[in-house]
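# Chains, contacts and geometry: an overview
Residues per chain are reported as follows:
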Amino acid sequence: MTEANATPRLDRRQFATGAAGLVLFALSAGRVGAQVPEPAWQQLLKNLVGDSKPIEGKLTLELPEIAENGNTVPLTVSVESPMTANDYVKAIHVIATENPQPGVATFRFGPLSGKASAATRMRLARTQEVIGLAELSDGKFLLGRRTVKVTIGGCGG
Amino acid sequence: MNKPRVKLPDAAKAGDLIEIKTLISHVMETGQRKDPDGKVIPRNIINSFSATFAGNEVFKADLQPGISANPYLSFFMRVPGPGEFEFTWVEDGGNKLVEKIKLNVT
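Computed from a prediction, not measured in an experiment: that's the story for all the values here.

All right, on to the pairing of strand E3 (residues 46-53) of chain B then. Residues and elements named next belong to chain B. Burial of E3 is extensive: six of the eight residues sit out of reach of the surface. The pairing of E3 with strand E6 (residues 83-91) spans seven bridges and is antiparallel. Across the sheet, residue Phe 53 finds its bridge partner in E6, namely Phe 85. Linking E3 to strand E4 (residues 56-63), which pair antiparallel, is a turn of two residues; within it Ala 54 sits at a positive phi near 50°.

Here it is in structure tokens:
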């Protein structure tokens, strides 16, 4: 008897939570449909620069025009800077706009660096634009872009 | 994480701008790939590299899965005088590999 009594109570509760869930789902679906979600790389860029406007074109990105193997694409980033204790490049961020994770690397420099330049090898999932963003000691930002055509994608997709 | 290789100039003078090239063996597993059974292979990368000279920071890199396997990094230093480099690679989970190399300052 106790089992028979317990069952309908459980059903009613399940129904109630189910109905509430449906309403919530419908509400959230309506909200998502109303605006196009911002790509992850744009959010990342916003988080890095805040309210300031990066100056375009003062950062050099050396990348091949066509990368046959997206698993290992040579990259050099550099910024012209005196690299003194008062005027230097603090960091350069590398963003791959179409990678599953757009943040690729951050290089951090100091007055000892002598030259704001670094090189590495990166993965590119598909043809895309790569962005370099430099953070200067005076709070300004410099931005450079370059598109790379990728024949075979990296990131093990 | 093994076999770190570092290339420095054979000799340098104080005030010279020198390039430092480093390479280390590592799979840099992205965490995006699946094994044949469809299970995600857990992320395992070198997430940080740093270089100091005579105790002062020269260069640091925060790395993400978008860096290729066997990470290669090159960067510069204005030689402040004689001293020793200390290079540190840090893996997910906190394992560290430290390599110390003296720079031949003439």
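What follows deals with the side chain of A:Ser113. On the secondary structure map, A:Ser113 appears in the loop between strand E6 (103-109) and strand E7 (116-122). Within polar-contact distance, the side chain of A:Ser113 engages the backbone oxygen of B:Val58 at 2.8 Å. With sequence-adjacent residues up to four places away left out, A:Ser113 is seen in contact with A:Met83, B:Leu17, B:Val58, B:Phe76, B:Met77 and B:Arg78.

Right, let's talk about the interface of chain A and chain B for a bit. Each partner contributes to the interface: chain A provides 26 residues, whereas chain B provides 29 residues. Summing the contributions of chain A and of chain B, the shared interface buries around 2300 Å²; its carbon and sulfur component is 51%. Here B:Asp62 and A:Arg108 are joined by a salt bridge, their closest N and O atoms 2.6 Å apart. At the boundary of chain A with chain B, the tally comes to 16 residue pairs in polar contact (both at pLDDT 80 or more). Here the side of chain A that touches chain B takes seven residues from E6(A), the largest share from any one element. Of the residues belonging to the side of chain A that touches chain B, the class tally is eleven nonpolar, eleven polar and four charged.

Do not read the predicted coordinates in detail wherever pLDDT is low. Considering every residue of chain B, the mean pLDDT works out to 96; 100% of them sit at 70 or more. Across the interface, the model reports ipTM at 0.95; the global pTM reads 0.84.

Taken in spatial order, the six strands make up an open sheet running E2(A)-E4(A)-E7(A)-E5(B)-E2(B)-E1(B), and their pairing is antiparallel. Two strands in the sheet have a free side with no partner beyond their single neighbour: strand E2 (59-62) of chain A together with strand E1 (2-7) of chain B. The average undirected angle you get between the axes of adjacent strands in this sheet is 15°.

What follows covers the packing of aromatic side chains. All names here are of chain B. Applying the stated rule across the entire model yields ten aromatic pairs over all chains. Centroid distance Phe 49 to Phe 75: 5.9 Å. Interplanar angle 55°. Geometry classified as tilted. With Phe 49 in strand E3 and Phe 75 in strand E5 (residues 72-78), this residue pair connects regions lying 26 residues apart in the sequence. Per residue, the accessibility class of Phe 49 equals that of Phe 75, and both read buried. Look at Phe 59 and Phe 75: their rings are 4.4 Å apart centre to centre, the planes differ by 5°, and that puts the pair in the stacked class. Linking Phe 59 in strand E4 with Phe 75 in strand E5, this pair joins segments that are 16 residues apart in sequence.

What counts and what doesn't
Residues numbered from 1 in each chain as written. Chains lettered and ligands numbered in written order. Predicted model: local features only at pLDDT ≥ 70, side-chain atom pairs only at ≥ 80, totals over all residues. Heavy atoms only, no water. Buried < 20%, exposed > 50% of the residue type's maximum accessible area, 1.4 Å probe, protein only. Helix = DSSP H or I, 4+ residues; strand = E, 2+ residues; numbered from the N terminus. Pairing = 2+ DSSP bridges. Polar contact = N/O pair within 3.5 Å; in protein donor to acceptor, adjacent residues only side chain to side chain. Contact = heavy atoms within 4.5 Å. Buried area = accessible area lost by both parts, 1.4 Å probe. Salt bridge = Lys/Arg side-chain N within 4 Å of Asp/Glu carboxyl O. Nonpolar A, V, L, I, M, F, W, Y, C, P; charged D, E, K, R; others polar. pLDDT = per-residue confidence, 0-100. Axes fitted to C-alpha atoms, helices over the stretch in contact; angles between N-to-C directions. Phe/Tyr/Trp six-rings, centres within 6.5 Å; stacked < 30°, edge-to-face > 60°.

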